[in-house]
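Single-letter residue listing:
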Amino acid sequence: MELDWSHRKLGYNGECSRLPPADEADRNTCQKLSLRRNYISTPNANVILTSGFNSVTWLCLSANNLTSIPASLSSLTQLEHLYACNNQITSIEHVDKLLSLRTLELRHNSITHLSDLSALRNLRVLSLSANHLQKLPPRFFPPSVEFVGVYGNRVDSFDEIVAMVTELEQLRKVFVGGNPFCSNLPLKPSLNVEVEYTEISSGVKRQRIEHELLNLARIVEILRAKRPSLVSVDDNAVSF
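As the structure is a computational prediction, the values presented were derived from the model and not from experiment.

Calculation rules
Residues numbered from 1 in each chain as written. Predicted model: local features only at pLDDT ≥ 70, side-chain atom pairs only at ≥ 80, totals over all residues. Heavy atoms only, no water. Helix = DSSP H or I, 4+ residues; strand = E, 2+ residues; numbered from the N terminus. Buried < 20%, exposed > 50% of the residue type's maximum accessible area, 1.4 Å probe, protein only. Contact = heavy atoms within 4.5 Å. Areas by Shrake-Rupley, 256 points an atom, 1.4 Å probe, with all protein chains shown as cover. Polar contact = N/O pair within 3.5 Å; in protein donor to acceptor, adjacent residues only side chain to side chain. Core = buried A, V, L, I, M, F, W, Y, C linked by side-chain atoms within 4.5 Å.

Caption draft 1: Representation of the overall build of the chain within the structure. Helix and strand counts for the chain stand at five helices and nine strands. In the chain, buried positions account for 46% of the 240 residues. In the chain, once contacts between residues fewer than 6 apart in sequence are set aside, the share between residues at least 24 apart is 51%. As presented, the chain carries roughly 11,700 Å² of accessible surface, and 45% of it is formed by carbon and sulfur atoms.

If you want it as structure tokens, here you go:
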């Protein structure tokens, strides 16, 4: 059973409007629920998620007005995939009891620190790109994770990335570019790199981008040496 309640303005003007028609049986059997683009605040989300959605395994809360992850999520024990991108979430909470979780998508938020997610032993995808993270303690990652996205954060130490890649034995894919360490490291690649430029008019800008991409190429080389099982490292930014 799937319910698509996207674009309904359910939280417009800060109040939770009357929910779209769905009888109790529909809610109890609903496995996929989309609440994308509804102006939903965190209190709104708590009201909606406690209205009978006991069997949800896939939930989208992206592009709303969430400032935190709703506490009511902890009761959705069958949840496997959570999407809450493009909000204003500042911390990762109320997910530690979601032991069936396989996907956690929190791109484009305002998260400042990584919470301990090591108990989520079924998690495969962890996407935290475009946040405000500075530190990435390896012990906070679940050992099962295969993809980690931390592109466009505030990580200024390459050691943070190396430690993460070294510790996570199941890791197959990482996005790490767009962090301060990419342009700060005085690295020179020992491999040939093909860099494509698009609409770069300023020579200074071109030089900066070239430096960052060449550094990223060397970063890719180092990470693959640390974890040979990696099949993709920032493949959207560097071409080999």
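Caption draft 2: Just the environment of arginine 227, in detail. Looking at the element boundaries, arginine 227 is found in the loop between helix 5 (203–226) and strand 9 (232–233). On the accessibility criterion, arginine 227 (13% relative accessible area) is buried. Spatially, the C-alpha atom of arginine 227 lies 6.5 Å from that of valine 165, the residues being 62 residues apart in sequence. When near neighbours in sequence (up to four residues on either side) are disregarded, arginine 227 contacts Val165, Thr166, Glu167, Leu168, Glu169 and Leu171. Polar contacts involving the side chain of arginine 227 include one to the main-chain carbonyl oxygen of valine 165, which spans 3.3 Å.

Caption draft 3: A look at the nonpolar core. By size, the foremost hydrophobic cluster in this structure holds 60 residues, and its most contacted members are Leu33, Leu35, Leu59, Ile92, Ile161 and Leu223. Within the residue set of this core, elements represented by two or more residues are helix 2 (42–49), helix 3 (158–167), helix 4 (180–184) and helix 5. When neighbours within four sequence positions are excluded, isoleucine 92 is seen to be in contact with Ile69, Leu104, Leu106, Ile111, Leu114, Ser115, Leu117 and Leu128.

Caption draft 4: Layout of unusual backbone geometry. Positive phi, normally seen in glycine, also occurs at lysine 9, with a value near 55°. Tracing the backbone shows lysine 9 in the loop between strand 1 (2–4) and helix 1 (24–29). If you check the backbone angles, alanine 130 has positive phi at about 60° while not being a glycine.

Functional significance is not addressed by these values, which are geometric in nature.
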